[in-house]
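Coordinates in review
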Amino acid sequence: MNGTAAAIIGQRPAAEGKPGITYRQAGERAVLVEYGEMELDLTLNFFVLAVDKMLSERPLKGLAETAPGFRSILVSYDPLELAADDLLGHLQAVHEDLPAEREMELPSRLIKLPIAFDDSQSRAAVRRYIDSIRPDAPNCEGGTNIDYIVRYNGLSGRDELFGSVLATEHWTAFIGFFPGLPFMFPVDPRHTVVVPKYNPTRTWTAEGTVGLGGPCYAIYPVESPGGYQIFGRTLPVYDLQGRNRVFRENPLLLRPGDRVRFHRVGEDELLGMFEDVRADRYSYQIEEQPFDVGAYLDEAGRLREESAERRRRREEAAARTPVP
Amino acid sequence: MTAMSAEKIIDVLEPGLQSTVQDYPGRPGMMRQGFFPAGAMDHFALRAANLIAGNEQSAAGLEVVLGNIALRFGADATVAVCGAEAELTIDGEPVPLWEGRTVRAGSVLRAGISKGPGFRLYVAVCGGIDVPPLFGSRATYTMGGLGGLDGRPLRKGDRLPIGGDGTGGDGTARPRRFRESSRPAYTRDWEIEAVPGPQAAPDYLTEADMREFFGRTWAVDRNSDRTGIRLESFRFQWARSGGGIAGGHPSNILDNPYPVGAVNLNGDLPVILGPDGPTAGGFVVAATVTHADLWKIGQLRPIGDRLRFRQVTAAQATEREREQRERLSEASLEDA
């Protein structure tokens, strides 16, 4: 027995417009580097992605791979080639050389995707769940998750929910859980929507389904089980076979730092586009458009009061809504 | 000689419960795209089988859950089987595990159902299984449905191509065995080394919780597979009253990346993430199984096996890996 079971191997306070850091041992082959406190602050993710980029530009022998999360990054290494102390030194140097958050400009792409709300596949998935797993789930009342999301957030109705999804860009914080699955968060804080996950999880979800779990949006890259509340469907975001040109170099449509903006289409139109994607007749709308963190912070500051008001309304509604 | 008789193919006569093509170390480097590495769940047994069969340790072989498999070789080949205790025959003649054999074209290798200890068998063939690599690996990733043979477990009637690497042209190698003194011990009561964290005491769990984690004997749940080994629920005290913004239970955190071998706490239920696990999620990881001991999770029988975690430091874990690399070498081979 080795006395204490502490996993923290280093800490550094917030300073010079940069968040504090906690270095955590994640087995002998990885260090989990965590920024700031556990709060839903997109700025922490901007910082994570800037660190990730700088690490990729400064190769270090024995550093195997980096995987960003929301406010953390897992740095994997070969301890027989690279000593932990040398890795920590490298990470500290990167941190020192990064600019303050406010001065950051991140590489980013704006990707426009169609969405069909309340589509038949999502309804079929909910129906299947009610029939085979849990008939009394409060989040599935009426054969859809949409009314539950509306209720949990104290929204005036479905249109207000759909309006919020359409009104903001969605920031891809990281890819994970499953190949090609984006974890996305609204850039405009006024449009934050929050909902608890399924309990227990669903066994089937259609490819391209859009869901919400906690404050996070996801697009299902393949047909799979899932735990997010589902409310619409978009186009494929992953294709190993590269049937559309967008997937030829990389089977994943999205990467961390991308922003997704949805526009509303009918389900028939979406299904037509789905076929066009497969037949390589569809061109995804992708625009390189760097992201200015300073401008984001200014805008978020201006919207602070309005966001807080919406948050109060949401929390009141959540308090009187049953959890799945 | 007919064309059939010299084909470098393995015919799957009996596929077993869940047999997949696996290599080592799978597909690392793709966590950022949501891919866990896949690869042999017991990396020691596959690497040893490859050494015996004259391959690089990284070569693709078969991972067989529980046994009950029959394979017919289309050409002369040197094969080796390592892993769980099971009755093994070539054309009806009993053969030992951890020992190479050169079989003739048309020979049939059979493994019975393993009664344990151990849960998985690894079949290596000189030249390796030559399915098309995907992102640099032939490993089957069951959760992503990719790699291996069309991303799925083997079926009766499948035909697996044998590669030509390192075979000296005729598909055979000098028959050798893995020294008994170098083989790992299989048991029903496992001790698995793990490093505390990334989310341990004092901020997520209490010191007393960590002592329980490393002190208790855990039963392996039947719902365990390549994505994860589920243990049994235990009421930790927790160092926090709730999950903060991430949710109600103190095991919840904002989604973060998981290391391979992570033991995460899903509420009160510990799960050791296997090679096909999720790359990220919102649960505390109390400890991480060392690479040198990760092979053991491939041999846990989800039908009565028990385990304890033994706490080690990262430095100790690295030393164990150094020793393991030395053990997985020519020095552990002897002529059969």
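Residues numbered from 1 in each chain as written. Chains lettered and ligands numbered in written order. Predicted model: local features only at pLDDT ≥ 70, side-chain atom pairs only at ≥ 80, totals over all residues.

Let's shift gears to the overall build of chain A. Each helix and strand counted, chain A has eight helices and 17 strands in total. Radius of gyration (C-alpha) of chain A: 21 Å, near the 20 Å computed for a compact globule of 324 residues. The 324 residues of chain A split such that 44% are buried. (Helix = DSSP H or I, 4+ residues; strand = E, 2+ residues; numbered from the N terminus. Rg over C-alpha atoms; globule rule 2.2 N^0.38 Å. Buried ≥ 20, exposed ≤ 12 C-beta atoms within 10 Å, placed from the backbone.)

If you tally the helices and strands in chain B, you get three helices and 22 strands. At 21 Å, chain B has a C-alpha radius of gyration in line with the 20 Å of a compact globule built from 336 residues. With the principal axes as the frame, chain B shows a C-alpha extent of 75 × 40 × 30 Å. For chain B, the proportion of its 336 residues judged to be buried stands at 56%.

Residues and elements named next belong to chain A. Taken domain by domain, chain A consists of domain 1 (8-100) and domain 2 (109-319). Each of domain 1 and domain 2 has a C-alpha centre, and these two points are 29 Å apart. Taken residue by residue, the interface counts nine residues in domain 1 and 10 residues in domain 2. Among the elements that line the side of domain 1 that touches domain 2, the one with the most residues is helix α1 (residues 42-57), at five residues. (Domains from an automatic or database assignment. Contact = placed C-beta atoms within 7 Å.)

This part is about the domain arrangement of chain B. All names here are of chain B. Domain boundaries in chain B define domain 1 (4-182) and domain 2 (189-327). Using only C-alpha atoms to locate each centre, domain 1 and domain 2 end up separated by 29 Å. At the interface, 23 residues of domain 1 touch 17 residues of domain 2. Split by residue class, the side of domain 1 that touches domain 2 holds 13 nonpolar, eight polar and two charged. (Nonpolar A, V, L, I, M, F, W, Y, C, P; charged D, E, K, R; others polar.)

Here the focus is the nonpolar core. Counting residues in each nonpolar core, the largest one holds 184 residues, and the members touching the most others are Ala49(B), Val81(B), Tyr122(B) and Ala124(B). Residues within four places of Val81(B) in sequence aside, it is in contact with Ala49(B), Leu88(B), Leu97(B), Ala111(B), Leu121(B), Tyr122(B) and Val123(B). (Core = buried A, V, L, I, M, F, W, Y, C linked by C-beta atoms within 7 Å.)

Moving on, we come to the confidence of the model for chain B. When the pLDDT values of chain B are averaged, the result is 94; 96% of them are 70 or greater. Throughout residues 1-5 of chain B the model reports pLDDT below 50, and contacts reaching past four residues in sequence, or to other chains, amount to four contacts. (pLDDT = per-residue confidence, 0-100.)

Moving on, we get to the environment of Leu51(B). Mapped onto the elements, Leu51(B) comes out in helix α1 (residues 43-52). Residue contacts for Leu51(B): discarding those within four places in its chain leaves Gln57(B), Leu328(B) and Leu333(B).

You'll often see interface size given as the accessible area lost when the parts meet. Contacts between the two partners involve 42 residues from chain A, matched on the other side by 45 residues from chain B. At the level of secondary structure, the elements contributing two or more residues to the side of chain A that touches chain B comprise β2 (21-25), β3 (30-35), β4 (63-68), β5 (72-77) and β8 (170-175) of chain A. With five residues, the top contributor of residues to the side of chain A that touches chain B is β4(A). Looking at the side of chain A that touches chain B residue by residue, the class counts come to 26 nonpolar, 10 polar and six charged.

So, about the sheet that holds β2(A). Residues and elements named next belong to chain A. Read from one edge to the other, the open sheet built from five strands follows the order β1-β2-β3-β5-β4, with strand pairing classed as antiparallel. Lying at the two open borders of the sheet, with one neighbouring strand each, are β1 (8-12) and β4. Across this sheet, the average inter-strand angle for adjacent strands is 15 degrees, counted without regard to direction. Sheet topology note: the β1/β2 ladder contains four bridges and is antiparallel. Its bridge partner being in β2, Arg12 is matched across the sheet by Ile21. (Pairing = 2+ DSSP bridges. Axes fitted to C-alpha atoms, helices over the stretch in contact; angles between N-to-C directions.)

Residues and elements named next belong to chain A. Residue placement: Ile286 occurs in strand β16 (residues 285-288). Taking the C-alpha atoms as reference points, Ile286 and Arg259, 27 residues apart in sequence, are found 9.8 Å from one another. For Ile286, the residues in contact, after removing those within four places along its chain, are Arg109 and Ile111.

In this chain, Tyr24(B) is followed by Pro25(B) through a cis amide linkage whose omega measures 0 degrees. In this fold, Pro25(B) is placed in the loop between β2 (19-22) and α1. With an omega of 0 degrees, the peptide bond between Gly116(B) and Pro117(B) qualifies as cis. Topologically, Pro117(B) is positioned in the loop between β9 (108-113) and β10 (120-125). In this structure, Asp280(A) is a non-glycine residue whose phi angle is positive, near 65 degrees. Tracing the backbone shows Asp280(A) in the loop between α6 (267-278) and β16.

Here we come to the pairing of strand β11 (residues 209-213) of chain A. Residue and element names in this part refer to chain A. In terms of residue burial, β11 counts as a mostly covered element, since five of its five residues are buried. Sheet analysis places β11 next to strand β14 (residues 229-233), joined by four bridges and oriented antiparallel. In the strand pairing of β14, Gly211 is matched with Ile230. Two elements, β11 and strand β12 (residues 216-219), share four bridges in a ladder whose sense is antiparallel. Pairing of Gly213 across the sheet is with Cys216, part of β12.

Before going further, it helps to spend a moment on the sheet that holds strand β3 (residues 61-65) of chain B. Residue and element names in this part refer to chain B. Pairing in this open sheet of five strands is antiparallel, and the strands run β2-β3-β10-β5-β8 from one edge to the other. Looking at the sheet topology across the chains shown, the edges are occupied by β2 and β8 (100-103). Geometrically, the sheet is characterised by an average inter-axis angle of 25 degrees between neighbouring strands, direction not taken into account. Pairing of β3 with β10, which is carried by four bridges, proceeds in the antiparallel orientation. When the sheet's bridge partners are listed, Leu62 is paired in β10 with Val123. Against the sheet, α1 engages β2, β3, β5 (77-83), β8 and β10, with an angle of about 30 degrees to β10.

Take helix α5 (residues 158-167) of chain A next. Residues and elements named next belong to chain A. Within the span of α5, buried status applies to Leu161, Phe162 and Val165. Down the axis of α5, the smallest arc covering the buried residues is 95 degrees, so these residues share one side. Those residues of α5 hidden inside the fold are in contact with β7 (109-117), α4 (146-152) and β15 (259-264). (Arc of directions from axis to C-beta.)

Time to look at the environment of Glu207(A). Residue and element names in this part refer to chain A. Residue position: Glu207 is located in the loop between β10 (202-205) and β11. Given 19 C-beta atoms within a 10 Å radius, Glu207 is considered partly exposed. In this structure the C-alpha to C-alpha distance between Glu207 and Thr234, which are 27 residues apart in sequence, comes to 8.7 Å. Sequence-distant contacts of Glu207, defined by excluding residues within four places in its chain, comprise Tyr220, Val222, Glu223 and Pro236.

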